[in-house]
Amino acid sequence: MASSLESNKIAAAVLTAGVVAMLSGFVAELLYHPQVELEENSYVVAVSEGGPAEAAPADEGPSLEPIVPLLAAADPAAGEKVAKKCTACHSFDEGGPNKVGPNLYDLVNRPIGTHEGFGYSDDLAGMSGETWTYEHLNAFLAKPKDFAPGTKMSFAGLKKAGDRADLVAWLRTLSGNPAPLPE
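These numbers were taken from a predicted model, which means no experiment stands behind them.

Draft legend 1. Looking closely at the overall build of the chain. Tallying secondary structure elements over the chain gives 7 helices and 0 strands in all. Along the chain, helices and strands appear, N-terminal first, in the series α-α-α-α-α-α-α. Considering only contacts within the chain whose residues lie at least 6 apart along the sequence, 48% involve residues at least 24 apart. Just so you have it, the chain exposes about 13,000 Å², and 59% of that area is on carbon and sulfur atoms.

Draft legend 2. Broad picture of the nonpolar core. Ranked by internal contacts, the top residues of the largest apolar core, which has 31 residues, are Phe 92, Leu 124, Trp 132, Phe 147, Leu 167 and Leu 171. Among the elements that take part in this core, helix 7 (residues 161-173) stands out by supplying 6 residues, more than any other.

Draft legend 3. Broad picture of the packing of helix 5 (residues 134-142) against helix 7. Helix 7 packs onto helix 5 with a crossing angle of 130° between their chain directions and a minimal axis gap of 10 Å. Accordingly, the angle class assigned to the pair helix 5 and helix 7 is oblique. The chirality of how helix 5 crosses helix 7 is right-handed. Within the contact between the two elements, helix 5 uses Tyr 134, Leu 137, Asn 138, Leu 141 and Ala 142 and helix 7 uses Arg 164, Leu 167, Val 168 and Arg 172. Here the contact of helix 5 with helix 7 is composed, by residue class, of 6 nonpolar, 1 polar and 2 charged.

Draft legend 4. Layout of a nonpolar patch on the surface. On the surface, a cluster of nonpolar side chains totalling about 380 Å² of accessible area is made up of Val 19, Met 22, Leu 23 and Phe 26. For Met 22, a relative accessible area of 47% puts it in the partly exposed group.

What counts, and where the lines are drawn
Sequence order as written defines residue numbering, which begins from 1 separately in each chain. Only residues with pLDDT of 70 or above have their local features reported here, since the model is predicted, and side-chain atom pairs are shown and tallied only from 80 upward, although totals for entire chains, interfaces and linings are computed over all residues. The side-chain figures draw on all heavy atoms in the structure; neither hydrogens nor water molecules are used. Think of it this way: any DSSP run of H or I at least four residues long counts as a helix, any run of E at least two long counts as a strand, and we number them from the N terminus. It only takes one pair of heavy atoms within 4.5 Å for two residues to be counted as in contact. Per-residue and other accessible areas were derived by the Shrake-Rupley procedure at a 1.4 Å probe size, with only the shown protein chains allowed to occlude residues. Only buried residues count toward a nonpolar core, which is a set of Ala, Val, Leu, Ile, Met, Phe, Trp, Tyr and Cys residues joined through side-chain atoms within 4.5 Å. Categorising residues by exposure relies on relative accessible area from a 1.4 Å probe, with only protein chains included: less than 20% of the type maximum marks a residue as buried, more than 50% marks it as exposed, and the intermediate range marks it as partly exposed. Comment: axis = line fitted to C-alpha atoms, over the contacting stretch for helices; angle = value between 0 and 180 degrees taken between N-to-C directions. If an angle is under 35 degrees, it is roughly parallel; if it is over 145, roughly antiparallel; if it lies from 65 to 115, roughly perpendicular; otherwise it is oblique. For any helix crossing, the convention is left-handed if the near helix is rotated counterclockwise from the far helix by under a right angle, and right-handed if that rotation is clockwise. Each residue receives one of three labels: charged for Asp, Glu, Lys and Arg, nonpolar for Ala, Val, Leu, Ile, Met, Phe, Trp, Tyr, Cys and Pro, and polar for the others, Gly being one of them. Each patch is built from residues that are more than 30% exposed by relative accessible area and take part in no salt bridge. Like charges join if they lie within 9 Å; nonpolar side chains (Val, Leu, Ile, Met, Phe, Trp, Tyr) join within 5 Å. One speaks of a salt bridge when a side-chain nitrogen belonging to Lys or Arg is within 4 Å of a carboxyl oxygen belonging to Asp or Glu.

Right under this line is the structure:
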């Protein structure tokens, strides 16, 4: 019987708390009216009579450092070391299998989103008319989600331009006929 009495006390406390919360809400609505219209603005904004001023250009953040000047001094051996991060998802051998990501052999100047047997995201598949140029690779490796917002690739990117240049220089060597370096 004592257990039943304790249960009733707990139930009464919960119900009382609910009623108090509900009544507090009603009282708050009576005291506070957020929809009241002001007779005059509290803060006046001065506007010139010449019409609206042109908006200042939005800050686009830091621009991506061009990779072409860095490729001449890039170290493919260092790029191969950087590529160790990629081996969990990509293979690099000629005729190698697709993994979570596509095989990257002969990638430079390959059409984007077209490696056979790999299901690309809509963003990358939609770029099939473009090729993996040095600048496209630079932008993608810097931040894949910025280059192709819908990409399935979860890699955050390479912040250092030198690392990206080394990696691209190494990827360039993975071909029977490497793409020429730009001048």
